[in-house]
Amino acid sequence: MLFKHQSGNAILSWILLLAAILVAALLVWFAESSAALILASLVGGLICAACGFFLGTRHSQVLRSLHNDKQVDSDILLEQLSAMTSRIGSYPSEEHILEVVASVVSKMFSDHHGAISRLTPEGDRLEIACLWTNHGQFFPLIAPEKMAPSEGSDSDQIAKLCEQAGDNSLNPTSFNLKAQGMNLGHIRLWQPESTSALSIAQHQFLETCAYQAALALANIETHRRLHRQTVRDPLTGLFNRSYLLDTLQRELHRAKRYKHSLGIVMMEVDNYSAIKDEHGPEGVNKILVAIAGIFQSTFRGHDISCRYRENTLVQILPEAALDNTLRRAEHVNNLINELEIPFRDGELPGVTLSIGISAFPEHADNIDDLIQASESAVYRANQTGGDQVMLAEKIF
């Protein structure tokens, strides 16, 4: 549309200019006095002025048209941005937030290849969350191991996919997902040679999209960290005592309802006070961290590991029968006996545990009695030399 305006203006301006020159030339040719020459000059000047006025008017009209087109484009972008922000606010999970952003951006920039990458929970690399091409392909929430090829960065993976789609020359533009001091990933567009460059309004739109997404993701991450602080032991990373009691109540209720077993393994470090006196808090802390690591690597994913007291750890085993709970406790005890813990210029002394086992329904039917049964078993194991697993006595 703009090209047509410019072509028409150029042709008309040349016609007017040639007409002005022709009229002035005729007047000069037929002029017989200086008055006629002056008249010729005046006529030529008036025609040139009229030509300039017309061109100026048309140029203003074109600029206004361009401005209106840009305003319409900006209004569309703002409308999409407002809708996206509203949708983001109603989704509590990272996956839904990223899908909403990818859906909006891929529709607004359908002539580009694009992807949203996010930082892994470990914070060591980026993984592709959503991916689309300008051929209408959309791949939501792609796990890194399912991408082809598996090697290389997210940029390499997307570039190869775009090459397969027929675009060999790509110009990436990146918009970081950064908010509240957290770098959480980026939105990236790959621009094929055939597409025009992004406008200022489009850049601003994408920057705002990235910030709104980053803000929502940062809020989730902040909430996760706060929640972790309220339910996790800061030293070992295991769940804390309050979480243990709440979870044990819930699991016991579930076990009664579905007639399942429930196992509890309580472990206490033998000679804890003597180790602390000799090696200080740093030494016993290293022991607790090492034991917690064995807990997390040995038990099942849905088992719950907790730090119950300073030197007491507890494992809740949902749906574990008593004999199975006993075998697993003995296995952990053997692993602890083989544990070597480097400390300063040497190693800490060998660690042994006094372990007490209780279970529902064999020993008790409420959490207070189950915990009491486990504590009693731990006490008897410790009093008879430690480094052993002791079954609880029946409470009822």
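Above this note sits the structure.
Residues numbered from 1 in each chain as written. Predicted model: local features only at pLDDT ≥ 70, side-chain atom pairs only at ≥ 80, totals over all residues. Heavy atoms only, no water.

## Here we look at the sheet that holds strand β7 (residues 304-309)
Right, on to step 1. Spatially, the 5 strands line up as an open sheet ordered β7-β8-β6-β11-β12, and their pairing is mixed. The open sheet has two edge strands, β7 and β12 (388-391), and neither has a second partner. Going from strand to strand, the sheet's axes swing by 25 degrees on average, the running direction of each strand aside.
Right, on to step 2. The sheet contact formed by β7 and strand β8 (residues 312-318) spans 5 bridges and is antiparallel. Across the sheet, residue S305 finds its bridge partner in β8, namely Q315.
Right, on to step 3. Strands β6 (262-269), β8, β11 (353-360) and β12 of the sheet are contacted by helix α8 (residues 322-337), whose axis makes an angle of about 165 degrees with β11.
Right, on to step 4. Packing against the sheet, helix α9 (residues 367-383) makes contact with β6, β7, β11 and β12, and its axis sits at approximately 150 degrees to β11. (Pairing = 2+ DSSP bridges. Helix = DSSP H or I, 4+ residues; strand = E, 2+ residues; numbered from the N terminus. Axes fitted to C-alpha atoms, helices over the stretch in contact; angles between N-to-C directions. Contact = heavy atoms within 4.5 Å.)

## Overview of the pattern of salt bridges
Right, on to step 1. Counting across every chain of the model gives 9 salt bridges.
Right, on to step 2. Here R307 makes a salt bridge to D233, at a shortest N to O gap of 3.3 Å. With a gap of 74 residues between them, R307 in strand β7 and D233 in the loop between α5 (200-231) and α6 (241-258) connect regions that are remote in the sequence.
Right, on to step 3. The residue E251 makes a salt bridge to R254 at a minimum N-O spacing of 3.0 Å. With E251 and R254 both in helix α6 and 3 residues apart, this pair spans about one turn of that helix.
Right, on to step 4. What makes E251 buried here is its relative accessible area of 12%. (Salt bridge = Lys/Arg side-chain N within 4 Å of Asp/Glu carboxyl O. Buried < 20%, exposed > 50% of the residue type's maximum accessible area, 1.4 Å probe, protein only.)

## Description of the packing of helix α7 (residues 272-298) against α8
Right, on to step 1. At a minimum axis separation of 11 Å, α7 and α8 run at an interaxial angle of 140 degrees. On the basis of their axis angle, the class for α7 and α8 is oblique. As for the relative orientation of α7 and α8, their crossing is right-handed in sense. Between α7 and α8, the contacting residues are I291, I294, F295 and T298 on the first element and H331, V332, L335 and I336 on the second.
Right, on to step 2. For the contact of α7 with α8, a count of residues per class yields 6 nonpolar, 2 polar and no charged. (Parallel < 35°, antiparallel > 145°, perpendicular 65-115°, else oblique. Left-handed = near helix turned anticlockwise from the far one by under 90°. Nonpolar A, V, L, I, M, F, W, Y, C, P; charged D, E, K, R; others polar.)

## A closer look at the side chain of R118
Right, on to step 1. Here R118 lies in strand β1 (residues 113-119).
Right, on to step 2. Ignoring sequence-local partners within four residues, the contact set of R118 consists of E94, E95, L98, R125, L126, E127, A129, L184 and G185.

## A closer look at empty space enclosed by the protein
Right, on to step 1. Under the criterion given, the structure shown has 1 cavity of 30 Å³ or more.
Right, on to step 2. The calculated volume of the largest cavity comes to roughly 30 Å³.
Right, on to step 3. Per element, the largest residue contribution to the lining of the largest cavity is 3 residues, and it comes from α6.
Right, on to step 4. Each residue belonging to the lining of the largest cavity can be placed in one class, and the counts come to 3 nonpolar, 2 polar and 3 charged. (1 Å grid on protein atoms, 1.4 Å probe; cavity = no way out; pocket = protein on both sides within 12 Å on 5 of 7 lines; lining within 4 Å. Points joined across faces, edges and corners; volume = space filled by probe spheres on them.)

## Some thoughts on α7
Right, on to step 1. In this model α7 runs just 23 Å from its N-terminal to its C-terminal C-alpha over 27 residues, more than 12% under the 39 Å that 1.5 Å per residue would give.
Right, on to step 2. Helix geometry: α7 is bent most strongly at G280, by close to 125 degrees, with proline P281 lying one to four residues after it. (Expected span 1.5 Å × (residues − 1). Bend = angle between axes of the 7 residues up to and from the residue.)

## Quick look at the packing of aromatic side chains
Right, on to step 1. Within this structure, the stated rule accounts for 2 aromatic pairs.
Right, on to step 2. Arranged with centres 6.0 Å apart and planes meeting at 35 degrees, the rings of F109 and F205 form a pair that is tilted. With a gap of 96 residues between them, F109 in the loop between α3 (94-108) and β1 and F205 in helix α5 connect regions that are remote in the sequence.
Right, on to step 3. A relative accessible area of 4% means that F205 is categorised as buried.
Right, on to step 4. Between F239 and Y243 the ring centres are 3.9 Å apart and the planes differ by 15 degrees, which places this aromatic pair in the stacked class.
Right, on to step 5. Since its relative accessible area comes to 15%, F239 is described here as buried.
Right, on to step 6. Owing to a relative accessible area of 22%, Y243 belongs among the partly exposed residues under this scheme.
Right, on to step 7. We note R232 situated over the ring of F239; from NZ or CZ to the ring centre the distance is 3.8 Å. (Phe/Tyr/Trp six-rings, centres within 6.5 Å; stacked < 30°, edge-to-face > 60°. Lys NZ or Arg CZ within 6 Å of the ring centre and 35° of its normal.)

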